Structure formats: C-alpha cells, structure tokens
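Structural description and commentary
Spelled out from the first residue to the last, the chains are:
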Amino acid sequence: VCGRYFQGRGQGTHAFTHSLEEAHHLFINLHSGRIYCLPDGYEVEDESLDDVKYNLNPIYSREDIRELGEGRLEWAKSLEGQRFLPGTVGLNNIKATDYVNVALQALGRVPPLRDFFLDTANYKECSSQLVARYGELVRKMWNRRAYKGQVSPHELMQSVLKDSGGRFKVDVQADPMQFLVWFLNTLHLQLTGGKPKRRSVITRCFQGEMEVVAVGRDGADGPPKRGPFLMLSLDLPPAPVFQDEMEKNIIPQVPLFVLLRKYDGAQVHEHVRHGRRKFRLTRLPRYLILHEQRFNRNNFFMEKNPTIVTFPIRNLELRDSPLPAPPGQPSKYDLVASVSHEGKPEGGAYKAHISHQ
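Here we take up the sheet that holds strand β8 (residues 208–214). With antiparallel pairing, the 4 strands of this open sheet are ordered in space as β9-β8-β13-β12. Each edge of the sheet is formed by a strand with only one pairing partner; in this case those strands are β9 (225–229) and β12 (269–271). Put simply, the sheet's adjacent strands are angled 40° from each other on average, direction ignored. Note that β8 and strand β13 (residues 275–283) share 6 bridges and pair antiparallel. From the neighbouring strand, V212 faces β13, where its bridge partner is F279.

Let's shift gears to the side chain of S200. Here S200 lies in the loop between α8 (176–191) and α9 (201–206). Reaching out from S200, the side chain makes a polar contact with the side chain of H188 at a distance of 2.7 Å. Among all residues touching S200, those that are not within four sequence positions of it are H188 and T192.

With that settled, the discussion passes to the nonpolar core. Within the largest apolar cluster, 49 residues are counted, with the highest numbers of intra-cluster contacts made by L113, F117, Y134, F179, F183 and F206. Elements with a contribution of two residues or more to this core: α3 (62–69), α4 (98–107), α5 (111–118), α6 (129–141), α7 (154–163), α8 and α9. In terms of residue count, the dominant contributor to this core is α8 (8 residues). Those residues in contact with F117, other than ones at most four positions away along the chain, are Y123, V131, Y134, G135, V138, R139, L187, L191 and V201. Core analysis: the second largest hydrophobic core is formed by 18 residues, Y263, L288, L318 and Y333 among them.

Looking now at the pairing of β8. Where β8 lies against β9, 5 bridges are found, and the strand directions are antiparallel. Residue pairing for β9: V212 is matched across the bridge by K225.

This next bit is on the pattern of salt bridges. Here the structure, examined in full by the defined rule, presents 19 salt bridges. Between D221 and K278 there is a salt bridge, with its nearest N and O atoms 2.9 Å apart. One end of the pair, D221, is in the loop between β8 and β9; the other, K278, is in strand β13, with 57 residues separating them in the sequence. The exposure class of D221 is partly exposed, given its relative accessible area of 45%.

About the criteria used
Residues numbered from 1 in each chain as written. Predicted model: local features only at pLDDT ≥ 70, side-chain atom pairs only at ≥ 80, totals over all residues. Heavy atoms only, no water. Pairing = 2+ DSSP bridges. Helix = DSSP H or I, 4+ residues; strand = E, 2+ residues; numbered from the N terminus. Axes fitted to C-alpha atoms, helices over the stretch in contact; angles between N-to-C directions. Polar contact = N/O pair within 3.5 Å; in protein donor to acceptor, adjacent residues only side chain to side chain. Contact = heavy atoms within 4.5 Å. Core = buried A, V, L, I, M, F, W, Y, C linked by side-chain atoms within 4.5 Å. Buried < 20%, exposed > 50% of the residue type's maximum accessible area, 1.4 Å probe, protein only. Salt bridge = Lys/Arg side-chain N within 4 Å of Asp/Glu carboxyl O.

The structure is reproduced here in structure tokens:
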C-alpha cells in the first residue's frame, strides 16, 4: 500500500507500530515471499496474493525476453490508473540517489545487458548479492504486471553501500560516471569469480581496446601499449571567463566530432600525472560510453563547464569522423541514453533521457 520497508515483525518493531498507527496490516518478507498479518502475526495464504508475490520477484521466460527484443511492448496501467510503458519507468529517489538512478536508467537501454539479467539462469550460480539485486531491479523495471509506474532501488542500494565500502551512499550525491565505472567493474569481477581477464556480459557490451603512446619532451614517441577500456573521457574546451556586449554569459558550442579527436592517434594530450600521450582506438565496443568532463574543483569551489555539445541522435558514423574507426568493425552508433546535470555545481540534480524504441 505505502511501499515502506521495515525490519522485523514482532512487538516493539517499526512494522508492528506501523500496522497499528496506519491500519496497514499485510507485510511481505522480501527474502521468502511469505505474507504476514500484523499486529496479530499470523501468515496469510491466499491465491489472490499471488500477483503481489510475482511483483516481488518477476520471472521471465525466453519467449518473454524474445518479445522484448522484438519491441513487442504494450502500455500497462497502475493501480492509480496511470499508464506506463514497461522498461520506461521511474526510479524512486531515496534522499540523494539520483546519481545512481540515471546510471541504472541508461544501462536499462542496453538490450544484451537487459536480456542477460532478465533470465535468472544466467547468474544463478553467482553468489554475489549485488548481481542478484541488480537482476531483481531489472526484472522489476520491465515487469508488465507492475502495480506502479516506478520502482524502488532500495535493495540494490543496500548492496551498493556494502560492496563499495560506504563510497556510494543514499544521502550523499556523487558523480554518476564514478558510480557507473565502479558498478560495471564490480559486476564484471563478481560474474567472473574475481578473474578480470575472463569475458562477461559487461565486457561483451562495453569493452573496447585502445593504443596509448607516451610522447617525450623531445617529441619522440615511446613504445605503444594496448589495453581495454569501458568508457571514453572527453575534454571540454575551457569555459569563457568574460561576458559578451549584452552582459550575458557566453555559452560556447562544440560538435562531438571535435571532442573525439582526442582519440585520433595524432593529437598529443597532456596530463598532470601521466604526462604527454597519444590515444588511438584499435577496437570499438558494441555500446560506446562517452563521458564529458564538465566539473572541475579548485581550492575554493566547484566549477561547472556550461559548454553545449552537439551530436546526432542516430547514425553517429565514426568512420567518417576525425576518429578513424578500425577497419572491418561496425562503426555506426545510435543514442540510447544521455545523462545531464541541472542546477548549480554544488548540488543540483542528475536527469536521464532514454530512448524506448
């Protein structure tokens, strides 16, 4: 009814008190799926509650997953009468978890990753709670029999808090890209039993390969080194310091292709810690994650670069761009999700725009 979570059901627990104060009497155990009536404490067994148990742990057949892959989706209706499209649902913001929610929404638009976690047989031998909780969330996001058009990531956030050692919390906003990188790497390690060189659904979807060449001060190139990557970091041009003649801030625009020149194998990129280097892509991933470095912290405050990046929604052809795509590999991409930050640098909110086609 209200969707609140409590621990325990005996006298003196918050669930017991809640049942008396709010007259909410039916509670379901999140692990066993058993339903109890409080404050009396007896178990309820009734076929009319099967839909409630199904929504706790939705199950998908291979036929169901195939239909999703073919785009055979129908609008569903919540108990309040609101229509929603399975997979295109909201995620509850638990205090300050918008940075997690936008990353989860973006990952939900990757069909191979979605299909893998919809089928519990793919990871039933994995003992990781993070893997299990993420699979549970994916199944709830695509549930056609859901009662509401939103899902709570509460259980997943508990596993994230534990596995990250408190790095990512529910009440402290963090960087979505830092969370995404940690989340993908952690899922990969836990799916492969701690063996990073083994392949997993994460590497099959997002891992590419690049060649890095160190450049000396004399301009001489060092030996090339190849290594995998899960995302490409793009550097925005410096934000303008002065205002225009109308006393308005100048907001520059830059095409995405210009930022991608960082990886054309010719431009020298200078980094404070790593020195001067050149980057060249040798293998493109199936799904390309791009990250624009928009925030910069100095000794006094956080700065946000307002530069607008223009890009095509469909048919991003890297072969025709300054970034030379490796021969014989697919090089055309369609946008499936984008994440943006709205508001002031210290605070604000992260929002995701997703494609449902």
